[in-house]
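Below, each chain spelled out in residue letters.
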Amino acid sequence: MKAKAVSAPYLVWMAIFIIVPMLLVAYFAFTDSNGAFTLDNLARVGQYSNVFLRSIWLGALSTAISLLVGYPVAYIISHSSLKRQSVLIMLVMLPMWMNFLLRTYAWMTLLEDSGLINNLLAAVGLPRLHMINTQGAVVVGMVYDYIPFMILPLYSVMSKLDPSVVEAAQDLGADGKRVFLRVTLPLSMPGVISGITMVFVPSVSTFIISKMLGGGGNLMIGDLIDMQFLGSAYNPNLGSAISLVLMVLILICMGIMNEFDDGEAQGGGMML
Amino acid sequence: MKRLRRAVLLLACVLAACFPSPAFAQEEETVPLTGEKIYVYNWGEYIADGKDGSLDINTEFTRRTGIEVDYSTFDTNESLYSKLVSGGASYDVIIPSDYMVSKMINEGMLEKLDFSNIPNYQYIDEQYRNLSYDPTNEYSVPYTWGLVGIFYNKQYVTETVDSWDILWDEKYAGKILMFDNPRDAFGIAQKKLGLSFNSTDEDEWIQAAVQLKEQKPLVQAYVMDQIFNKMESGEAWLAPYYAGDAALLVEENENIGFAIPTKQGTNFFVDAMCIPKGCRNKSGAEAYINFLCDPEIAAANMEYIGYSTPESAAKELLPEEVVNNPIYYPPQEIIDNSEVFIDLPEETALQLDSLWAEVKMGGPGDSMTLVLTLAGFLALYLAVVIYKKVKRNREC
């Protein structure tokens with residue numbers, strides 16, 4: 001009873017600012033500009049299938065890279081001394097103190113044809129590389145911006161991992177590879193799952209990174225929605241329909257991720 | 001979007017200290033407050049506000065008329081539109097661009113102006129009246145205007161720039177920037193083909209889209225404000241943009257030139273003052289519009305915001321180097337050969353939107369692929385769920 005009373009403000013907040021807007025999105029998606037019911041908007045979303053495929057592909061790619069890079073980092077951090085841990089975690093968070101628009105802007109000047117990296121390459125006599133305005137540049141930007149969201153949940157799960165479990169495995173004769181594959185990895189799964197969710201969801205729906213690093217030619221779903229609401233296309237009904245499809249897509253993806261998370265998960269890292 | 005740059009422009013104007021503010025009519029008496037208030041909604045950084053020694057237009061208006069001004073700003077025509085449509089706020093004076101004015105007229109969102117309350121309308125030059133977005137000029141009074149032209153880097157582009165075709169020249173592949181907004185981007189293709197911006201013919205839009213698709217491999221990036229950086233650093237050599245906004249680029253960087261394709265014609269854009277339906281103080285709003293049309297006030301305002309005025313009388317009060325600068329005030333023949341955007345009918349707007357997405361995506365998509373993708377994910381989800389269930393049952 002008491003718990004209910006305490007949660008009331010948040011429930012009201014959620015109802016007004018999360019549930020109602022979602023219903024509005026659904027309402028707009030199924031109506032035309034005069035408010036009459038229509039399925040045209042949803043039918044129109046189909047023409048953007050390429051954008052959806054590209055967003056899913058680039059989002060998945062950056063999630064995979066973040067996981068590959070972030071897992072060892074989280075592992076190393078959680079296995080260093082306590083004093084060091086806090087410093088290292090602060091270093092991971094450090095870029096987030098800066099506005100992410102600025103960080104992306106910095107990448108733009110780094111990757112440009114006449115940018116820092118290319119000038120360095122030219123200075124040491126290496127051929128220049130064309131990096132900006134490619135899908136690769138977009139992925140680099142997304143990995144850079146979202147990797148803390150992968151490292152932090154991984155770290156929080158791994159640092160709570162009971163060392164005696166690992167010792168037990170070693171005592172019973174498992175070698176390093178085995179200990180990792182049979183003990184550490186399964187126990188850190190909750191962190192992996194929430195890391196994947198927290199990187200994949202914003203990457204799929206990002207808009208400004210693709211605009212700045214992708215040169216506008218690598219349109220993503222977020223750009224498309226932005227165009228419908230604040231751009232010259234101005235069509236909130238179509239924008240809502242695109243958002244609705246995106247929400248369904250993300251819901252399904254999260255459903256899949258959740259399926260991998262039951263059973264052994266107790267460490268608690270799921271931050272949905 | 002284009003307005004963001006204005007802040008920088010203004011700052012530089014001050015740094016250059018090129019426009020000392022004329023001493024203003026202090027002789028007039030301050031009128032006591034009447035208790036009246038008007039709500040003004042304008043682009044960001046689009047009025048002289050007393051910063052850097054300029055005249056504070058809104059305060060001056062209150063001083064002369066006793067009417068208080070509640071001033072707020074927007075950053076795109078579309079956000080202005082959605083705010084008015086949703087009915088969340090009511091304003092007395094708004095300053096949308098040409099095509100948005102015509103859209104609002106078509107949708108009955110604007111009040112007719114009572115020009116007997118706006119005597120200073122007489123100063124607006126004939127050529128800026130009755131433009132196609134408001135053909136009978138009953139709803140709007142022009143505030144500023146400008147043209148679209150091509151910025152180029154003189155070091156690399158040595159030929160004469162006098163045609164949009166140069167943006168399709170393979171010599172400059174990878175060094176060309178394009179507008180990241182469909183109306184402006186299609187506009188360039190349309191003028192290259194000799195078509196009208198406001199065509200409602202499906203085929204003409206498709207022809208323009210074909211041009212843009214041909215151009216895409218040569219385009220470095222589709223950008224808006226970023227052209228300033230990319231042109232300055234030499235990252236890009238050719239970029240179409242709004243003249244008034246980017247005058248600074250040419251003033252500050254001697255390698256950068258500006259040209260308007262005279263023969264093919266270009267886009268002539270106007271931002272105009274209007275009164276929306278539902279305004280609460282129409283006479284106050286008209287007094288405000290009248291005040292902004294006062295040549296002295298208009299000149300002081302233009303000096304600060306760096307745009308071109310539609311009033312010859314105001315132009316005479318501006319410094320000579322501004323008036324003689326073809327970026328601000330191009331020769332008459334160029335203006336004669338230009339065209340204004342007006343609102344497109346809904347069908348054309350939808351077509352333009354899909355064509356633009358097609359250009360940027362590199363090809364049309366289809367519903368089947370999307371449905372299959374979603375179905376694929378759903379199937380994967382179900383497969384995982386079923387697999388787990390089977391496994392659990394077996395274990396039990």
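Looking at an unreviewed UniProt entry, one finds chain A named ABC transporter permease and attributed to Candidatus Caccousia stercoris. UniProt, in the comment section headed Subcellular location (unreviewed entry), describes chain A in these words: "Cell membrane".

K.L.:
Would you mind showing me how to read the interface of chain B and chain A here?
P.N.:
The figure often quoted for interface size is the accessible area lost as the parts come together. On the side of chain A, 31 residues touch chain B, which itself brings 37 residues to the contact. Of all the secondary structure elements, the ones that give two or more residues to the side of chain B that touches chain A are α3 (77-85), α5 (182-193), β6 (219-223), α14 (346-361) and α15 (367-395) of chain B. Here the side of chain B that touches chain A is built from residues that sort into 16 nonpolar, 12 polar and 9 charged.

K.L.:
Any chance you could explain helix α6 (residues 202-215) of chain B here in plain terms?
P.N.:
One turn of the α-helix equals 3.6 residues, which is why residues spaced by three or four share an orientation. Residues and elements named next belong to chain B. The first and last C-alpha atoms of α6 sit 20 Å apart over 14 residues, in line with the 20 Å expected at 1.5 Å per residue. Listed as buried for α6 are W205, A208, A209, Q211 and L212. Along the axis of α6, the buried positions cluster into a sector of 155°, meaning they face one direction only. Projecting away from the buried face of α6 at angles above 90 degrees are the exposed residues E202, D203 and E214. Summarising the contacts, the buried residues of α6 are in contact with α5 and α14.

K.L.:
Explain unusual backbone geometry to me, please; I cannot follow it from the model alone.
P.N.:
For residues that are not glycine, phi is negative in most cases, and the peptide bond is trans in most cases. All names here are of chain B. With phi around 55°, E45 is a residue other than glycine that occupies positive phi space. Of the residues examined, E45 has 20 C-beta atoms within 10 Å and is grouped as buried. Phi angles above zero are rare outside glycine, and N130 is one such case at about 50°. Summarising the element assignment, N130 is placed in the loop between α4 (98-106) and β4 (140-153). Since 12 C-beta atoms lie within 10 Å of it, N130 is described here as exposed.

K.L.:
Help me understand the confidence of the model for chain B, please; the structure alone is not making it clear to me.
P.N.:
Caution is warranted with low-pLDDT regions, since their predicted coordinates should not be read in detail. Residue and element names in this part refer to chain B. For chain B, mean pLDDT is 87; residues scoring 70 or higher make up 93% of the total. Mean pLDDT in chain B bottoms out at helix α1 (residues 6-16), which sits at 48, and peaks at strand β3 (residues 93-94), which reaches 96. Within the model, pLDDT remains below 50 along residues 9-27, and this stretch shows 23 contacts once partners closer than five positions in the same chain are excluded. The ipTM for the predicted assembly is 0.79, set against a pTM of 0.82.

Cut-offs and rules
- Residues numbered from 1 in each chain as written.
- Chains lettered and ligands numbered in written order.
- Predicted model: local features only at pLDDT ≥ 70, side-chain atom pairs only at ≥ 80, totals over all residues.
- UniProt positions renumbered as here; feature names shortened; annotations may be inferred.
- Contact = placed C-beta atoms within 7 Å.
- Helix = DSSP H or I, 4+ residues; strand = E, 2+ residues; numbered from the N terminus.
- Nonpolar A, V, L, I, M, F, W, Y, C, P; charged D, E, K, R; others polar.
- Expected span 1.5 Å × (residues − 1).
- Buried ≥ 20, exposed ≤ 12 C-beta atoms within 10 Å, placed from the backbone.
- Arc of directions from axis to C-beta.
- pLDDT = per-residue confidence, 0-100.

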